[in-house]
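Structural description and commentary
Each chain is listed here by its residues.
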Amino acid sequence: AVVSTQSTGCDDKDIAEHETRYNEELSSKPVVSTQTQFGYAYVLVKSRYDNDIRKGIRLLEELCQSGVDQRDFVYFLAVGYYRLGDSRVAIKYCERILEMEPGNTQ
C-alpha cells in the first residue's frame with residue numbers, strides 16, 4: 001500500500017543500497033553497526049510503502065532497546081508511526097524527545 005504521493009527523498013535504489021550494506025554486515029559480522037542499521041531504518045521510514053516503514057520502525061526500536069537511545073532514533077520512530085497514520089504513538093515519541101532534550105525547540 002502506498003502511504004502518500006509526496007516525494008520522500010528515498011527511492012527504491014536508496015533502499016536497495018542500504019539493504020545490501022545491512023545484509024552484508026549481518027552475514028559477515030556478529031552485530032550490524034549502529035550506523036548501518038540506522039541508515040537502513042532511515043530510508044525505510046521515508047519509503048512510500050507501509051511494509052518498508054514498518055520494517056524501519058522495527059530496526060529503530062531495536063536500536064533504542066540496545067541502550068543507544070539517541071534523539072534521531074526516537075525522532076524517526078515518531079516520523080514512521082505518523083506516516084503509518086498512528087499519530088497517538090507518534091506523539092508519544094515526540095514527548096519522549098522533549099523528555100530527553102527539554103530545551104530543544106525544533
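Residues numbered from 1 in each chain as written. Predicted model: local features only at pLDDT ≥ 70, side-chain atom pairs only at ≥ 80, totals over all residues. Heavy atoms only, no water.

Once that is clear, we can look at the nonpolar core. Among the nonpolar cores identified, the biggest contains 27 residues, and Tyr40, Leu60, Leu77, Tyr81 and Tyr93 are the most heavily contacted of them. Considering every element that reaches this core, the biggest residue donor is helix α4 (residues 71–83), with seven residues. (Core = buried A, V, L, I, M, F, W, Y, C linked by side-chain atoms within 4.5 Å. Buried < 20%, exposed > 50% of the residue type's maximum accessible area, 1.4 Å probe, protein only. Helix = DSSP H or I, 4+ residues; strand = E, 2+ residues; numbered from the N terminus.)

In this section: the environment of Arg96. Examined against the element boundaries, Arg96 turns out to sit in helix α5 (residues 87–100). Spatially, the C-alpha atom of Arg96 lies 9.0 Å from that of Tyr75, the residues being 21 residues apart in sequence.

This part covers helix α1 (residues 12–28). Between its terminal C-alpha atoms α1 stretches 24 Å, which fits the 24 Å expected from 17 residues at 1.5 Å a residue. Listed as buried for α1 are Ile15, Tyr22 and Glu25. Down the axis of α1, the sector holding all buried residues measures 100°, keeping them to one side. Away from its buried face, by an angle of more than 90 degrees, α1 presents the exposed residues Lys13, Glu24, Ser27 and Ser28. The inward-facing, buried residues of α1 abut α2 (34–45) and α3 (50–65). A side-chain oxygen of the first residue of α1 lies 3.1 Å from the backbone nitrogen of Lys13; this N-cap is Asp11. (Expected span 1.5 Å × (residues − 1). Arc of directions from axis to C-beta. Contact = heavy atoms within 4.5 Å. Polar contact = N/O pair within 3.5 Å; in protein donor to acceptor, adjacent residues only side chain to side chain.)

The next subject is the packing of α4 against α5. Any two packed helices are characterised by the angle at which their axes cross and by the distance between the axes. The contact between α4 and α5 brings their axes to 7 Å, and the two run at 160°. Between α4 and α5, the crossing angle belongs to the class labelled roughly antiparallel. Helix-helix and strand crossings are classified by hand; for α4 and α5 the assignment is left-handed. Contact residues: α4 offers Arg71, Val74, Tyr75, Leu77, Ala78, Tyr81 and Tyr82, while α5 offers Val89, Ala90, Tyr93, Cys94, Arg96, Ile97 and Met100. Tallied by class, residues from the contact of α4 with α5 come to 12 nonpolar, no polar and two charged. (Axes fitted to C-alpha atoms, helices over the stretch in contact; angles between N-to-C directions. Parallel < 35°, antiparallel > 145°, perpendicular 65-115°, else oblique. Left-handed = near helix turned anticlockwise from the far one by under 90°. Nonpolar A, V, L, I, M, F, W, Y, C, P; charged D, E, K, R; others polar.)

Moving on to the confidence of the model for the chain. For the chain, the mean per-residue pLDDT works out to 88, and 89% of the residues sit at or above 70. By mean pLDDT, α5 is the weakest element of the chain at 93, and α2 is the strongest at 96. Note on residues 1–8: pLDDT is under 50 here. Beyond four places in sequence and across chains, it has 13 contacts. (pLDDT = per-residue confidence, 0-100.)

Where α3 meets α4, the closest approach of the two axes is 9 Å, and the angle between their N-to-C directions is 155°. In this view, α3 runs roughly antiparallel relative to α4, as classed from their interaxial angle. The chirality of how α3 crosses α4 is left-handed. Of α4, the residues touching α3 (which contributes Ile53, Ile57, Leu60, Glu61, Leu63 and Cys64) are Phe73, Val74, Phe76, Leu77, Gly80, Tyr81 and Arg83. Tallied by class, residues from the contact of α3 with α4 come to 10 nonpolar, one polar and two charged.

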